[in-house]
Amino acid sequence: MSGKIINYTNRDYDSLRKFLMEYAKQFYPDTVQDFSEASPGAMLIDMAALLGDTLAYYTDYQGNESILDTARQIENIHRLAKEKGYKDTGKPSAHGKVDLYVLIPAKSSGVPDQSYIAILKKDTSFAVNQTGASYLLINDVNFADESVKKIVARVNSEGIPTFFAFKATGDVISGARYYQKVTVTTFKNYFKAKINNPFLSEILSVTDSNGNEYYQVDYLTQNVVYKYIKNTGYNSSTVPYVLAKFYAPRRFVIEYHDGYYYLVFGNGSADSVTDPRNLVLDFPSRKYVSDRALDPKNIIESDKFGVGPSDTVLTIAYRANDTRKIGAAVKQLSKVITPLLDFSVDATDAAKKSAIVGSVEVVNPQPISSISQVTEAEDIKYRAYGAYAAQDRAVSKDDYITLCYAMDPKLGAVKRANVYQDTNSFKRNLNLCVIGQDDDNHLTTCPVELKNNLKTWLLQKKMINDTVDIGDAKIINLSIEFVCDTNEQNKFKVWQTCMTKVADLYKEKQDIGESFDIAKIYKTLNNIPEVIDTKKVKIKLKNGTGYASSGFDVYAHLSKDGDYIQCPKDHIFEVKFIEQDIVGSVIWLKDFSL
């Protein structure tokens, strides 16, 4: 092989074929002399070039997919993001408030019969009439509370009330409750149970046929969880729940891959749980006495990451959205699916109870913002970078933004967030601006419930002296007009290419406070080979039906060189309807050189 120069930079089919052809002619002139298209020599060279091109492609592919910044396959992005601390534990949920109505019978004296004033239980299900999206009641609603409004609904011929209408307010969350059985035969290390519904939002409970409960944790090394226990004491009105510490020998984490969610259990068998007798009983053969105080954590001390299931049937209860469009306009959430009412022991008339159950009505007085169920690949990348830097605490601006994206999906989801210091505030508060995205991938304001959840979520992560005010970012809808020159006679084809390239720039939403880059549009159009020059790019404000109301002055915020439009820190630019808000024209310049 000495004296033979091989060019290792040839990677595509054409360059490889050309190199192999020259190589064969130079070093094997007497062996192969016929290199015509139909010759055996040309066939062998073509096949070798094809093989080299394919190998080069997969080499590049493997290299790109092993780095988060260049990865394109969503499954690989999820795996690489997981290494940096990003966790995808479910699809986001929509939250809202509803008004609840029920008819309560009256006594003969014309006052409500207290025996039949019931409690509407948690997990009562409702649905949106137009889309069929399901919602669940988050907490019990007691119609006996003093805050419940009461009016006379029906009277008899003598004007004495026979029924009263009670009105209460409740909180709802999108999704329906599902159950799944998983049969486990022999013990397996890190057993995985696949959730068949790809729109999982939240795992509610996991139990086995022996009555053991499995707890969800962030990491399998975590063996302690905290549970909300309903407070039945005298102060239950002010302290409805008590936070209790529980040791969790049986636990699991949630992983996402192949488009589905999996429950991953520990690698310890039931034998990993220590027999309590060994901890508290004295044995005659021992020459020492064990400590008579039983510490529960000693029972689960083990080098295993939790006890995994074996020879049992797991019952998994979870909540999942049953449709992609989960939002509801005003008064659209009006269908009662399964009313769960809890009556007192004094309510003995079955007919009356049945009538009360059938009288339950629901309506949402305010719109419930829909939440996009799709997370783009670029979003996952940026959130993974932020999760790695934030380390689950909020110190810097990027930490706050990352924690907004990392909020538990059952509490809702934000599309974009931005943090800046309010210099006009006496305490120099931090202003956190957020914006959501609906199922049509359009920006929308976040509901009040989501912002309240976000505030509570950040409370456990932020610095103790930070004061954070959460508000909505203001949407600015823009349109784009451009004019290009071309020497291609088929200017329609050129126009299609231009429209596609510009539209691709705005499929992904900008960040809050990010300037609108006009120079990028010029550069994108001028990089198209058929375009000679881009004559004009004009940006206009869009208002009216379907657009956000904004008094933003585009030209007042235009940079001196016209390259970009400055964006206020609490605003966000959006090209909302790409097909109609991007208008372009291509002018064909006839070639007079001949």
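Structure: see above.
Peer 1: When you look at the overall build of the protein chain in this model, what are you seeing that I'm missing?
Peer 2: The secondary structure content of the protein chain amounts to twelve helices and 29 strands. Excluding contacts between residues fewer than 6 apart, the proportion of contacts in the protein chain whose partners are at least 24 apart in sequence is 71%. With the model as given, the accessible surface of the protein chain reaches about 33,300 Å², and the carbon-plus-sulfur share is 52%.

Peer 1: What is the right way to read the sheet that holds strand 2 (residues 119-120) from this model?
Peer 2: In space, the three strands of this open sheet follow the order 5-2-18, with antiparallel pairing throughout. The open sheet has two edge strands with one neighbour each: strand 5 (141-142) and strand 18 (341-342). Examined bridge by bridge, strand 2 and strand 18 share two bridges and lie antiparallel to one another. Bridging across to strand 18, Ile 119 finds its partner in Asp 342.

Peer 1: Where do I start with the side chain of Arg 251 in this structure?
Peer 2: Among the structural elements, Arg 251 can be located in strand 14 (residues 251-257). A polar atom in the side chain of Arg 251 sits 3.0 Å from the backbone oxygen of Gln 222. Of note is the side chain of Arg 251, whose polar atom sits 2.7 Å from the backbone oxygen of Ala 248.

Peer 1: Could you clarify how one ought to interpret the packing of aromatic side chains in this entry?
Peer 2: Each aromatic ring pair is characterised by the separation of its centres together with the angle its planes make. Enumeration over the complete set of coordinates arrives at 15 aromatic pairs. With a centroid separation of 6.4 Å and 50 degrees between ring planes, the pair formed by Tyr 23 and Tyr 28 is classed as tilted. Taken together, Phe 19, Tyr 23, Phe 27 and Tyr 28 form an aromatic cluster joined through their ring pairs. Above the ring of Phe 163, the side-chain terminus of Arg 154 is found at 5.0 Å from the ring centroid. Taking NZ or CZ as reference, Lys 461 lies 4.9 Å from the ring centre of Trp 457, over its face.

Peer 1: Explain helix 10 (residues 491-505) to me, please; I cannot follow it from the model alone.
Peer 2: Note that an α-helix has 3.6 residues per turn; residues three or four places apart therefore point the same way. With 15 residues, helix 10 extends 22 Å between its outermost C-alpha atoms, agreeing within 8% with the 21 Å of an ideal straight helix rising 1.5 Å per residue. If you check which residues of helix 10 are buried, you get Val 494, Cys 498, Met 499, Val 502 and Ala 503. Buried residues along helix 10 cover an arc of 165 degrees about the axis, so they all sit on one side. Looking at the buried positions of helix 10, the neighbouring elements they touch are strand 24 (474-486), helix 11 (518-526), strand 26 (531-541), helix 12 (578-581) and strand 29 (582-588).

Peer 1: I'm lost on the sheet that holds strand 11 (residues 213-216) in this one. Help?
Peer 2: One key point about sheets: their strands pair by backbone hydrogen bonds, in either a parallel or an antiparallel sense. If you walk across this open sheet you meet the seven strands as 8-16-10-11-14-15-9, and the pairing is mixed. Lying at the two open borders of the sheet, with one neighbouring strand each, are strand 8 (176-184) and strand 9 (192-195). Neighbour to neighbour, the strand axes of the sheet diverge by 30 degrees on average, direction disregarded. Pairing analysis gives nine bridges linking strand 8 to strand 16 (residues 312-320), with the strands arranged antiparallel. Directly across from Tyr 178, in strand 16, lies its bridge partner Tyr 318.

Peer 1: So what exactly am I meant to see when it comes to the pairing of strand 15 (residues 260-265) here?
Peer 2: Along any regular strand the residues' side chains alternate between the sheet's two faces. Across the six residues of strand 15, five count as buried, placing the element largely inside the fold. The pairing of strand 9 with strand 15 spans four bridges and is classified as antiparallel. Looking across to strand 15, one finds that Lys 194 is bridged to Tyr 262. Sheet topology places strand 14 next to strand 15; six bridges connect them, and they run antiparallel. Across the sheet, the residue bridging to Phe 252 is Phe 265, located in strand 15. Here strand 14 folds back onto strand 15, and the loop between the two strands holds two residues, one of which, Asp 258, carries a positive phi near 60 degrees.

Analysis parameters
Residues numbered from 1 in each chain as written. Predicted model: local features only at pLDDT ≥ 70, side-chain atom pairs only at ≥ 80, totals over all residues. Heavy atoms only, no water. Helix = DSSP H or I, 4+ residues; strand = E, 2+ residues; numbered from the N terminus. Contact = heavy atoms within 4.5 Å. Areas by Shrake-Rupley, 256 points an atom, 1.4 Å probe, with all protein chains shown as cover. Pairing = 2+ DSSP bridges. Polar contact = N/O pair within 3.5 Å; in protein donor to acceptor, adjacent residues only side chain to side chain. Phe/Tyr/Trp six-rings, centres within 6.5 Å; stacked < 30°, edge-to-face > 60°. Lys NZ or Arg CZ within 6 Å of the ring centre and 35° of its normal. Expected span 1.5 Å × (residues − 1). Buried < 20%, exposed > 50% of the residue type's maximum accessible area, 1.4 Å probe, protein only. Arc of directions from axis to C-beta. Axes fitted to C-alpha atoms, helices over the stretch in contact; angles between N-to-C directions.

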